[in-house]
Amino acid sequence: MVKYLLKRIGYIILSLFLIVTVTFILMKAAPGGPFASERALTPAIEAQMNEAYGFNDPIHEQYFTYLINAFTFDFGPSFKYVGQEVTEIIGRSFPYSLILGLEAIFIAISFGVLLGVLAAVQHNKFGDYMAMVIAVLGISVPSFIMAAVLQYIFAIYLQVLPIARFESFAHTILPAIALATTPLAFIARLMRSSMIDVLNRDYIKTAKSKGLSERVVTYKHALRNAILPVVSYLGPLVVTILTGSFVIEKIFGIPGLGSEFVVSVTNRDYTVIMGTTVFFSVLLLFSILIVDLLYGLIDPRIKVTSKEGDK
Amino acid sequence: MSKLLEVKNLSVSFDTYGAEVKAVRDVSFQLNKKETLAIVGESGSGKSVTAQSVMRLVPTPPGKFVGGEIRYNEENLLQKTEKQMESIRGKEISMIFQDPMTSLNPTMTIGKQIAEGLIKHQNMSKKEAHLRGIQLLKLVGIPTPEVRIKQYPHQYSGGMRQRAMIAIALSCNPKILIADEPTTALDVTIQAQILELMRQIQEETGTAIILITHDLGVVANTASRVAVMYGGKIVETGTVDEIFYEPKHPYTWGLLGSMPKLDTEQEELQVIPGSPPDLAEPPKGCPFVARCPYAMNVCSDYMPAYTSVSSTHEAACWLIDARAPKVDIPESAIVEGKDIYVI
């Protein structure tokens with residue numbers, strides 16, 4: 001187990017190195033710089049700024065300082081927000097995104113799985129068709145339209161939930177739902193097809209032949225076997241939620257990390273780009289590792305470790 | 001001989017796109033206490049559907065019970081609610097399936113899978129069920145059951161999984177054990193072990209067994225009575241000796257003829273030419289008419305009635321009718337004691 005984990009963490013570091021390198025190349029390849037704005041600076045000042053921030057150094061030297069910074073998680077100050085460290089920006093905005101993301105993931109998984117199971121149990125009956133209509137709608141409607149519709153219904157028309165900002169739990173409900181819709185629908189479809197497959201397996205017949213009730217057969221025997229495809233979707237789900245959060249954060253006026261990430265790119269705010277990229281990558285790589293560990297927990301046939309004595 | 005289970009005029013159909021497949025048509029048989037009834041027939045003859053009907057495990061829809069009765073304990077199982085059936089399945093009647101590789105839940109330990117039935121039907125605690133599980137595994141011949149009970153199906157070999165299946169099926173001391181081709185997916189040596197195990201368990205517990213198979217060798221070794229099925233119907237029933245030594249139905253002759261003989265000089269195995277009838281549109285008369293070398297005009301229009309040959313032996317064939325020409329059993333279907341390989 002420890003050996004496996006060390007190996008996986010080794011791979012994570014390797015992936016991070018590649019991601020950081022590619023980000024650096026792309027960052028440098030894109031025209032413009034942090035000080036190129038509409039109100040042009042005088043050439044003398046710009047030259048001084050470039051010198052001060054090390055942009056005049058040879059490219060490989062810049063790359064090495066950048067690498068060292070990345071791995072010590074010290075990204076220096078932002079170029080745009082004067083006097084703010086990158087770590088400060090992340091520390092300030094990430095909690096919003098984290099709460100929103102976790103809520104959305106929770107909604108997507110719990111309702112997606114439920115909808116998929118209901119559809120499978122009701123296979124080719126009314127409940128199945130209803131669930132799949134909802135799922136197709138969920139996949140087809142983009143999150144920003146969903147957000148606007150939700151805002152109109154719940155905040156303006158019914159006036160039961162706040163329309164924007166992030167101050168209390170009630171504020172998080174609408175953005176979390178909007179963010180969760182697409183992955184929810186996707187999970188429902190995944191769950192439905194894998195559940196239908198599992199319900200036709202022989203061991204389900206065995207379980208029924210023991211006299212177990214429909215409910216026990218569905219939830220104790222079928223669900224655990226059918227949920228694997230959903231678990232493997234968790235990695236991509238984290239990405240969808242993270243990148244999706246940018247749009248949703250904008251619409252609901254939430255000062256989250258998603259918007260910082262995108263704004264930093266358009267601003268050529270090199271240190272913030274680097275910081276957020278590394279941060280998101282670490283998050284993603286670890287969530288994939290967790291998914292792989294979960295896999296082994298759910299299905300004993302999938303071995304993440306090779307214990308002695310097992311064949 | 002006291003009756004334990006009686007199936008009367010059972011008909012089961014499946015609704016498929018555009019057609020109703022009549023998988024089981026007017027099947028009647030009975031099972032006595034402590035006996036082994038073998039149901040033989042080729043693929044698609046309705047054996048498994050008949051067996052699964054007894055447990056009411058036929059998925060409805062697409063399946064539906066068109067008519068008939070399944071009487072157990074003076075009650076018709078077809079009229080029971082799903083809840084009532086749950087207290088019969090696993091407790092009174094249990095089942096072993098064909099493929100042990102796929103009939104155990106891969107994400108649950110063997111111990112849990114055995115315990116489930118015990119907890120449900122015998123109100124055992126988890127601990128009691130665990131201990132009983134160890135006993136059961138020992139009974140079916142699994143070494144070091146204390147270790148094995150905590151393992152998952154993928155850690156078992158094929159034969160051991162079938163043993164575990166038998167342990168699950170036997171856990172609540174059922175009156176009837178339905179074994180749906182229990183040895184088909186196993187290799188021959190394991191087959192023999194499993195059959196021996198079933199025979200042993202029957203002696204110890206007195207469970208009646210319905211054995212579904214297409215292997216006449218298995219029948220000869222384990223069954224006391226045989227029902228031969230073809231095209232959704234039972235065409236001949238009798239004791240093992242009657243079916244093997246005095247078969248009356250040409251289909252039974254064909255089956256016996258296609259059994260490999262030990263002393264034969266023939267290079268090729270014998271087959272019954274043709275293929276079984278399409279049960280979406282079953283023939284009006286005898287289902288075997290298209291493949292029967294002795295078919296007469298009457299056969300294609302009228303289903304022959306069951307004619308008793310002895311008190312335990314009956315067959316549905318026009319050849320038994322007094323007006324039919326006399327036909328002798330073909331030489332290929334004559335079975336001598338030495339032809340049946342004893343396992």
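Residues numbered from 1 in each chain as written. Chains lettered and ligands numbered in written order. Predicted model: local features only at pLDDT ≥ 70, side-chain atom pairs only at ≥ 80, totals over all residues.

As recorded in an unreviewed UniProt entry, chain B goes by Peptide ABC transporter ATP-binding protein and comes from Oceanobacillus chungangensis. What the UniProt record of chain B gives under Sequence similarities (unreviewed entry) is the line "Belongs to the ABC transporter superfamily." Looking at chain B in UniProt, the text filed under Subcellular location (unreviewed entry) is "Cell membrane". (UniProt positions renumbered as here; feature names shortened; annotations may be inferred.)

Under an unreviewed UniProt entry, chain A has the name Peptide ABC transporter permease and belongs to Oceanobacillus chungangensis. Its UniProt record, at the heading Subcellular location (unreviewed entry), says of chain A: "Cell membrane". Under Sequence similarities (unreviewed entry), UniProt gives the following word-for-word description of chain A: "Belongs to the binding-protein-dependent transport system permease family."

(A) Representation of the overall build of chain A in the model. Scanning chain A from N- to C-terminus turns up 12 helices and zero strands. Along chain A, from the amino end to the carboxyl end, the secondary structure elements read α-α-α-α-α-α-α-α-α-α-α-α. Over its C-alpha atoms, taken along the principal directions, chain A stretches across nearly 85 × 65 × 30 Å. Looking at the 311 residues of chain A, the share that counts as buried comes to 34%. Considering only residue pairs separated by 6 or more positions, chain A has 72% of its internal contacts joining residues 24 or more positions apart. (Helix = DSSP H or I, 4+ residues; strand = E, 2+ residues; numbered from the N terminus. Buried ≥ 20, exposed ≤ 12 C-beta atoms within 10 Å, placed from the backbone. Contact = placed C-beta atoms within 7 Å.)

(B) Molecular detail of the overall build of chain B. When you go through chain B residue by residue, the secondary structure sums to 11 helices and 12 strands. Across its three principal directions, the C-alpha atoms of chain B cover 65 × 50 × 40 Å. Here the analysis covers contacts within chain B between residues at least 6 apart in sequence; of these, 66% occur between residues at least 24 apart.

(C) Examining the sheet that holds strand S3 (residues 36–40) of chain B more closely. Residues and elements named next belong to chain B. Read from one edge to the other, the open sheet built from eight strands follows the order S6-S7-S8-S3-S9-S10-S12-S11, with strand pairing classed as mixed. Both outer strands of the open sheet, strand S6 (93–96) and strand S11 (307–308), are each paired with one neighbouring strand and no more. Relative to strand S9 (residues 225–230), helix H10 (residues 250–257) is tilted by about 105°, and along the sheet it contacts S3, S9 and strand S10 (233–239). (Pairing = 2+ DSSP bridges. Axes fitted to C-alpha atoms, helices over the stretch in contact; angles between N-to-C directions.)

(D) The UniProt feature "transmembrane region" (unreviewed entry) in chain A, seen in detail. All names here are of chain A. Mapped onto the present numbering, the UniProt feature "transmembrane region" (unreviewed entry) falls on residues 9–27, 98–121, 133–157, 169–191, 230–252 and 272–298. Counted over residues 9–27, helix gives 100% and strand 0%. Its end C-alpha atoms are 26 Å apart. Between the end C-alpha atoms of residues 98–121 the distance is 34 Å, and the span holds 100% helix and 0% strand.

(E) Region of interest: the nonpolar core. Core analysis: the biggest nonpolar cluster contains 93 residues, and Val40, Ala167, Ile176, Ile178, Ile210 and Val228 of chain B have the highest contact counts within it. Looking at which element gives the most residues to this core, the answer is helix H6 (residues 158–170) of chain B, with eight residues. When we break this core down by domain, the ones giving at least three residues each are domain 1 (32–58 + 80–212) and domain 2 (229–333) of chain B. Once residues within four sequence positions are removed from consideration, Val228 of chain B is found in contact with Val40, Gly41, Ile234, Val235, Glu236, Ile243, His249, Tyr251, Thr252 and Leu255 of chain B. Core analysis: the next-biggest nonpolar cluster, separate from the first, contains 62 residues, Tyr96, Ala104, Ile251 and Val272 of chain A among them. (Core = buried A, V, L, I, M, F, W, Y, C linked by C-beta atoms within 7 Å. Domains from an automatic or database assignment.)

(F) Geometry of the interface of chain B and chain A. Listed per partner, the contact involves 24 residues of chain B and 19 residues of chain A. Sorting the residues of the side of chain B that touches chain A by element identifies S6 and helix H3 (110–122) of chain B as the ones contributing at least two each. Sort the elements by how many residues they give to the side of chain B that touches chain A and H3 of chain B lands first, with four residues. Tallied by class, the residues present in the side of chain B that touches chain A amount to eight nonpolar, 10 polar and six charged. (Nonpolar A, V, L, I, M, F, W, Y, C, P; charged D, E, K, R; others polar.)

(G) Just the environment of Ile110 of chain B, in detail. Residues and elements named next belong to chain B. Topologically, Ile110 is positioned in helix H3. For Ile110 and Thr184, which are 74 residues apart along the polypeptide, the C-alpha to C-alpha distance reads 22 Å. Once residues lying within four places of it in the same chain are set aside, the contact partners of Ile110 are Arg148, Ile149, Gln151, Pro153 and Ala164.

(H) Broad picture of unusual backbone geometry. Residue and element names in this part refer to chain B. The backbone of Asp26 sits at a positive phi, close to 55°, despite the residue not being glycine. Within the secondary structure layout, Asp26 lies in strand S2 (residues 19–32). Residue Asp26 is classed as partly exposed on the basis of its 16 C-beta neighbours within 10 Å. Not every positive phi belongs to a glycine, and Lys34 is a case in point at roughly 60°. Looking at where Lys34 falls in the secondary structure, it is placed in the loop between S2 and S3.

(I) Geometry of the environment of Tyr96 of chain A. All names here are of chain A. Counting through the fold element by element, Tyr96 comes out in helix H4 (residues 86–121). Looking at Tyr96, the number of C-beta atoms within 10 Å reads 20, which means it is buried. Measuring from C-alpha to C-alpha, the distance between Tyr96 and Tyr81 comes to 19 Å, with 15 residues separating the pair along the chain. Discounting chain neighbours no more than four positions away, the residues touching Tyr96 are Phe166, Ile254, Pro255 and Gly256.

(J) Local environment of helix H5 (residues 126–140) of chain A. Residues and elements named next belong to chain A. Relative to the 21 Å expected for 15 residues at 1.5 Å per residue, H5 spans 21 Å between its end C-alpha atoms, a close match to the ideal helical length. For H5, the set of buried residues is Ala131, Ala135 and Gly138. The buried residues of H5 occupy one face: seen down the axis, they fall within an arc of 60°. Of the exposed residues in H5, those oriented more than 90 degrees away from the buried face are Phe126, Tyr129, Val133, Leu137 and Ser140. Each element contacted by the buried residues of H5 is listed here: H4 and helix H7 (169–199). (Expected span 1.5 Å × (residues − 1). Arc of directions from axis to C-beta.)

(K) Layout of the UniProt feature "domain: ABC transporter" (unreviewed entry) in chain B. Those places that UniProt annotates as "domain: ABC transporter" (unreviewed entry) correspond, in this numbering, to residues 5–256 of chain B. A distance of 28 Å separates the end C-alpha atoms of residues 5–256 of chain B, which is 38% helix and 28% strand.

(L) Representation of H7 of chain A in the model. All names here are of chain A. Compared with an ideal rise of 1.5 Å per residue, which puts 31 residues at 45 Å, H7 spans 39 Å between its outermost C-alpha atoms and falls more than 12% short. The largest bend along H7 reaches roughly 45° and is located at Thr181, with the proline Pro183 sitting one to four residues downstream. Counting buried positions along H7 gives 23 out of 31 residues, so the element sits mostly inside the fold. (Bend = angle between axes of the 7 residues up to and from the residue.)

(M) View of the domain arrangement of chain B. Residue and element names in this part refer to chain B. Segmenting chain B into domains produces domain 1 (32–58 + 80–212) and domain 2 (229–333). Domain 1 and domain 2 are separated by 32 Å when their C-alpha centres are compared. Each side of the interface is counted separately: domain 1 has eight residues, and domain 2 has six residues. Classifying every residue of the side of domain 1 that touches domain 2 gives two nonpolar, four polar and two charged.

(N) Layout of the sheet that holds strand S1 (residues 3–16) of chain B. All names here are of chain B. Strands sit in the order S2-S1-S4-S5 across an open sheet of four strands; the sheet is antiparallel. Strands with a single pairing partner mark the edges of an open sheet, and in this sheet they are S2 and strand S5 (75–76). Across two bridges, the pairing between strand S4 (residues 63–72) and S5 is antiparallel. In the strand pairing of S5, Arg71 is matched with Asn76. With respect to the sheet, helix H1 (residues 47–54) is in contact with S1, S2 and S4, its orientation differing from that of S2 by roughly 65°.

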